[in-house]
Amino acid sequence: AVNSHARSIVTFGVLLPAIALFPLFFIEVFDTRNKVLRMGWLTPVIVTSFRCSESFFESCPTEATASFRNFIYYSGSLVESMFFKEHPLWITRSYVQTILIRYIGHFAALTMLISWLAPSQYIPFPTQDSPSPDSLSHSLSDYASPTHMLNNLSAAVLLCVFLSFSTTGLQLVTAVLGWAQAITVVDNPMFCSKSPSDFWGRRWNRLVHSALKRGVYLPMRKRHYPRYLATIAVFLGSGLMHEYVWLGLFYFSKKEKEADCSSCHTALVGKQMMFFGWNGILVMCEFMLGHWSIFSFMKEKLPAPILTALVLLCGIPVLHWFTGDMVTGHFFEHLQLGFPVIVATRSV
């Protein structure tokens, strides 16, 4: 009991807070103002924090703890390593070719999306007298507005492709380094999801999903908490994690405070908790009501694109709680600096 108490103090009182401060330290030292580069500082911290939590609660994958080598391969990669019969799944030529082709495809898709959205400052569908995307002052009619939902959908697709591009790039780096094969982190959630749980559990950012599952959900289930409480805790944990990420993305460094910072943006605290809390409610409703005959009928009879559209409609109206700061806080503008932008010209 004493050892367990000491481990808790070291892990949650010393180790994790110290890890959480690293990105802010690097942002200050290197005066990092580009929001995408800040995301690069934050990503290792998030992964490392959850790896520490998994080790503390002894909820790492069985294959990862089969040997010390496996544990190093699992813990030492930003993208979750894959195993086969308790051995790392080694890199093959076909794997590298597949990842490279996918990476080039994501690059091309991002280039096209940025070229389309950049001229409108990532609000492609004008809305009259509508609040700013990062605002919480939207009325019910604003939430139901087709242009509002189309703007949110545009931001969601752009963010999805960016996540696919960046995580595929991490897969490519691990392949070049001769590490183990890694999971596909983003599996086309915007066009193939069949339910809220399918969207969040199997398609959107599987890296974070796995980390939350092993760092929050499984430890709670091991302590005999009911499924619904563990699920709520996962989405609350996701909300807190994203609040931390937003703190780092829109943090004002000392030099920014001293200068006239044109790209500084203040993100309202609590919006990420609201967004992931809402989606946690949707998943809980699916668990409780999914067995009803009407939902079974819809899953069996509705065409897949219609089913996906219905899933997206559950979250698109409130998506600006999540992406609004990225639109008005210059995240996407900083992203476009790394891509060619195709500009339409008029002949004179």
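A brief structural summary.

Remarks on the overall build of the protein chain
A count of helical and extended segments in the protein chain gives 16 helices and two strands. Summarising its shape, the C-alpha atoms of the protein chain cover approximately 70 × 60 × 45 Å along the three principal directions. Here the protein chain holds 348 residues, and 48% of them are scored as buried. For the protein chain, long-range pairs separated by at least 24 residues make up 74% of all intrachain contacts whose partners lie at least 6 apart in sequence. When the accessible surface of the protein chain is split by element, carbon and sulfur atoms take 67% of a total near 18,400 Å². Across the protein chain, 26 positive and 20 negative side-chain charges occur, with their mean positions spaced 9 Å apart.

A few points about a nonpolar patch on the surface
A surface patch of nonpolar side chains, about 440 Å² in accessible area, is lined by Y225, Y228, L229, I232 and L236. Within the secondary structure layout, Y225 lies in the loop between α9 (206-222) and α10 (227-249).

Comments concerning the side chain of T231
Assignment of secondary structure puts T231 in helix α10. If sequence neighbours within four positions are ignored, T231 has contacts with Y217, V283, M284 and F287.

Regarding the pattern of salt bridges
All told, the structure shown has seven salt bridges when counted by the stated rule. Here D187 and R203 are joined by a salt bridge, their closest N and O atoms 3.4 Å apart. Here D187 is found in the loop between α6 (146-176) and α7 (189-192), whereas its partner R203 is found in helix α8 (residues 196-203), with 16 residues between them in sequence. One salt bridge in this structure joins D325 and K271, with 3.0 Å as the shortest N-O distance. Placement of the pair is D325 in helix α15 (residues 320-328) and K271 in helix α12 (residues 271-289), with a sequence separation of 54 residues. In this structure, D325 and K271 share a single accessibility class: buried. Several salt bridges converge on common partners, so that one network encompasses D187, D198, R202 and R203.

Some remarks on α8
Note: α-helices contain 3.6 residues per turn, so residues at a spacing of three or four share the same orientation. Most of α8 is tucked away, with seven of its eight residues classed as buried. Looking only at α8, the buried set comprises P196, S197, D198, F199, W200, G201 and R203. Positioned one or two residues after α8, N205 has a phi angle of 50°, which is positive.

Thoughts on unusual backbone geometry
Residues other than glycine seldom take positive phi values, yet N205 does so here, at roughly 50°. By the element assignment, N205 lies in the loop between α8 and α9. Within the chain, H330 stands out as a residue other than glycine whose phi angle is a positive 75°. Look at H330 and you get buried, because its relative accessible area is 19%.

Quick word on helix α4 (residues 93-117)
When the terminal C-alpha atoms of α4 are compared, their 36 Å separation across 25 residues agrees well with the 36 Å that a helix rising 1.5 Å per residue should span. Taken together, the buried positions of α4 are occupied by Y95, I99, H106, L110, T111, L113, I114, S115 and L117.

Quick look at the packing of helix α2 (residues 35-57) against α10
Helices that pack against each other are described as a pair by the angle of their axes relative to one another and the distance between those axes. Two elements in contact, α2 and α10, have axes separated by 9 Å at closest approach and are oriented at 145°. Our pair here, α2 against α10, has a crossing hand that is right-handed. Here α2 contributes K35, R38, M39, L42, V45, I46 and F50 to the contact with α10, which in turn contributes M241, Y244, V245, G248 and L249. Of the residues belonging to the contact of α2 with α10, the class tally is nine nonpolar, one polar and two charged.

Description of the environment of R51
Inspection of the secondary structure puts R51 in helix α2. We classify R51 as buried; its relative accessible area is 8%. Along the backbone, R51 and D325 are 274 residues apart, and their C-alpha atoms lie at a distance of 28 Å. If we skip the residues at most four places from it in the chain, R51 touches Y74, S75, S77, E80 and L207. Only 3.4 Å separates the side chain of R51 from the side chain of Y74, close enough to count as a polar contact.

A look at the state of the cysteines
On inspection of all chains with the given rule, the structure shows zero disulfides. Residue C192 stays outside any disulfide, its sulfur separated by 10 Å from that of C160, the closest cysteine. Given a relative accessible area of 26%, C192 falls into the partly exposed group. C314 carries a free sulfur, and the closest cysteine sulfur to it, the one in C285, is 9.3 Å from it. Residue C314 is classed as partly exposed on the basis of its relative accessible area of 32%.

About the criteria used
- Residues numbered from 1 in each chain as written.
- Predicted model: local features only at pLDDT ≥ 70, side-chain atom pairs only at ≥ 80, totals over all residues.
- Heavy atoms only, no water.
- Helix = DSSP H or I, 4+ residues; strand = E, 2+ residues; numbered from the N terminus.
- Buried < 20%, exposed > 50% of the residue type's maximum accessible area, 1.4 Å probe, protein only.
- Contact = heavy atoms within 4.5 Å.
- Areas by Shrake-Rupley, 256 points an atom, 1.4 Å probe, with all protein chains shown as cover.
- Lys, Arg positive; Asp, Glu negative; His and termini not counted.
- Charge placed at Lys NZ, Arg CZ, Asp CG, Glu CD.
- Patch = residues over 30% accessible without salt bridge, like charges linked within 9 Å, V, L, I, M, F, W, Y side chains within 5 Å.
- Salt bridge = Lys/Arg side-chain N within 4 Å of Asp/Glu carboxyl O.
- Expected span 1.5 Å × (residues − 1).
- Axes fitted to C-alpha atoms, helices over the stretch in contact; angles between N-to-C directions.
- Left-handed = near helix turned anticlockwise from the far one by under 90°.
- Nonpolar A, V, L, I, M, F, W, Y, C, P; charged D, E, K, R; others polar.
- Polar contact = N/O pair within 3.5 Å; in protein donor to acceptor, adjacent residues only side chain to side chain.
- Disulfide = S-S within 2.5 Å.

Take it as geometry only, folks, not as evidence of what the structure does.
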